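Fold and geometry: a report
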Amino acid sequence: MDEISNDPKRRIYLWTAPRSLATVFTKCMSFVEGVQIIKESITTAHVVGPEGTAAQNGDFQKAFPVGDEANPSIPEPKAAKLDLAFDTSKASFQWVKEMLESPFPGKSFVFAHDQAFSLRSNYGNLPRVFRHTFLIRNPYRLFPSWKTAIVKLMPLFIDKPFADMPEILVPAKFGYGELYDLMVHVKEKLGQSPIVIDADDLQANPASVLRQYCHLLGVEFKESMLQWEAGDKIVDTWIASKTILVVCRLYH
């Protein structure tokens with residue numbers, strides 16, 4: 001198996017706002033031969049890493065770390081999932097960038113996913129040599145799902161208007177503005193033509209959307225990308241923080 005080189009055809013980034021079906025899409029991409037999935041590593045740095053915003057919000061701290069009695073609905077991650085999990089305490093933006101740029105011996109393809117707002121508009125945090133793609137979702141579907149996810153994590157926000165949520169949970173531009181700004185940067189500064197997927201199209205015709213996406217990226221499409229066992233077993237193969245693994249179990 002060829003090891004990953006500094007070739008953007010071998011390193012793909014998917015950027016989204018929260019609750020955009022990204023985990024489903026990532027599961028599909030998990031069945032590309034030779035792939036290494038990296039799930040929300042920059043988001044980890046933004047929220048709970050040493051430079052994260054969680055320390056500024058006491059309500060969020062009550063929900064984490066994993067297993068905190070303040071929110072017993074959050075499960076401990078299974079031991080099998082910790083082989084590729086990294087500790088949030090070392091997840092600085094620089095550490096995450098270097099990890100994303102590393103060679104990944106034995107792998108021939110990297111697929112990473114993150115929330116665009118996690119970059120904090122500091123595009124120096126972007127890893128080098130990635131092809132950047134985008135997944136968008138109708139706000140009428142995204143925002144109710146996002147509010148439900150927030151309340152599941154922190155029930156005290158059940159009666160709080162979405163626009164009044166703390167910025168650690170809902171960024172200033174509501175996820176969409178940050179995603180658009182990154183898309184402009186990718187096009188104007190990196191010289192890439194953004195590939196944009198609509199989550200409604202993905203739900204309506206997953207085979208067609210995935211086939212076109214793979215074709216544009218030079219990745220072999222296989223029917224196995226569409227047919228996988230229910231549950232989270234495939235997540236065992238992802239590189240992610242312990243916190244992200246917990247959230248994936250809680251919401252998906």
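All of the points below concern the structure found in this document. This structure is a prediction, so every number in the text was calculated from the model and none was measured.

1. Quick look at the overall build of the protein chain
- Of regular secondary structure, the protein chain possesses 9 helices and 7 strands.
- Split into buried and exposed, the 252 residues of the protein chain put 52% on the buried side.

2. Overview of the environment of Lys 222
- Mapped onto the secondary structure, Lys 222 falls in the loop between helix H8 (206–217) and strand E7 (240–241).
- Judged by its relative accessible area of 30%, Lys 222 is partly exposed.
- For the pair Lys 222 and Arg 211, spaced 11 residues apart in sequence, the C-alpha separation works out to 8.2 Å.

3. Topic: the pairing of strand E6 (residues 195–198)
- The two faces of E6 differ: Ile 195 and Ile 197 on one face are buried, but Val 196 and Asp 198 on the other face are not.
- Taken together, the 4 bridges between strand E5 (residues 131–136) and E6 define a ladder with parallel strand orientation. Among the inter-strand pairings, Ile 136 is bridged to a residue of E6, identified as Asp 198.

4. Points about unusual backbone geometry
- The residue Arg 120 is not glycine, and still its phi comes out positive at about 60 degrees.
- Tracing the backbone shows Arg 120 in the loop between strand E4 (109–115) and E5.
- Positive phi outside glycine occurs at Ser 121, with the angle close to 60 degrees.
- Along the chain, Ser 121 turns up in the loop between E4 and E5.

5. Structural notes on the pattern of salt bridges
- Under the counting rule described, the total for this entry stands at 6 salt bridges.
- Residue Glu 33 is joined to Lys 222 by a salt bridge in which the shortest nitrogen-to-oxygen separation is 3.6 Å. With Glu 33 in the loop between helix H1 (22–29) and strand E2 (35–39) and Lys 222 in the loop between H8 and E7, the pair connects residues that are 189 residues apart, well separated along the chain.
- Notably, a salt bridge pairs Glu 223 with Arg 211, separated by 3.3 Å at the nearest N-O pair. Within this pair, whereas Glu 223 is found in the loop between H8 and E7, its partner Arg 211 is found in helix H8, the two being separated by 12 residues in sequence.
- Note on Arg 211: relative accessible area 40%, which makes it partly exposed.

6. Observations concerning the packing of aromatic side chains
- The final tally for this structure, using the stated rule, is 10 aromatic pairs.
- Where Phe 25 meets Phe 111, the ring centres are 6.1 Å apart and the plane angle is 35 degrees; that geometry is what we call tilted. Of this pair, Phe 25 sits in helix H1 while Phe 111 sits in strand E4, and the two are 86 residues apart along the sequence.
- Considering the side-chain rings of Phe 25 and Tyr 213, the 5.0 Å spacing of their centres and the 85 degrees angle between planes classify their relative orientation as edge-to-face. Taken together, the residues span a long stretch of sequence, with Phe 25 in helix H1 and Tyr 213 in helix H8 at a distance of 188 residues.
- Look at Phe 25 and you get buried, because its relative accessible area is 1%.

7. Quick notes on the sheet that holds E5
- Across the sheet, which stays open at both edges, the 5 strands sit in the order E2-E4-E1-E5-E6 with parallel pairing between neighbours. Either end of the sheet is taken by a strand with one partner, and the two such strands are E2 and E6. Averaged over all pairs of adjacent strands, the angle between strand axes in this sheet comes to 20 degrees, irrespective of strand direction.
- Summarising the sheet, strand E1 (residues 11–16) and E5 pair through 4 bridges and their orientation is parallel. The residue bridging Tyr 13 from the neighbouring strand is His 132, located in E5.
- Contacts between helix H6 (residues 176–188) and the sheet are confined to E1, E5 and E6, with E5 contributing the most and set at about 150 degrees to the helix.
- This element, H8, spans E1, E4, E5 and E6 of the sheet and lies at about 175 degrees to E6.

Analysis parameters
- Residues numbered from 1 in each chain as written.
- Predicted model: local features only at pLDDT ≥ 70, side-chain atom pairs only at ≥ 80, totals over all residues.
- Heavy atoms only, no water.
- Helix = DSSP H or I, 4+ residues; strand = E, 2+ residues; numbered from the N terminus.
- Buried < 20%, exposed > 50% of the residue type's maximum accessible area, 1.4 Å probe, protein only.
- Pairing = 2+ DSSP bridges.
- Salt bridge = Lys/Arg side-chain N within 4 Å of Asp/Glu carboxyl O.
- Phe/Tyr/Trp six-rings, centres within 6.5 Å; stacked < 30°, edge-to-face > 60°.
- Axes fitted to C-alpha atoms, helices over the stretch in contact; angles between N-to-C directions.
- Contact = heavy atoms within 4.5 Å.

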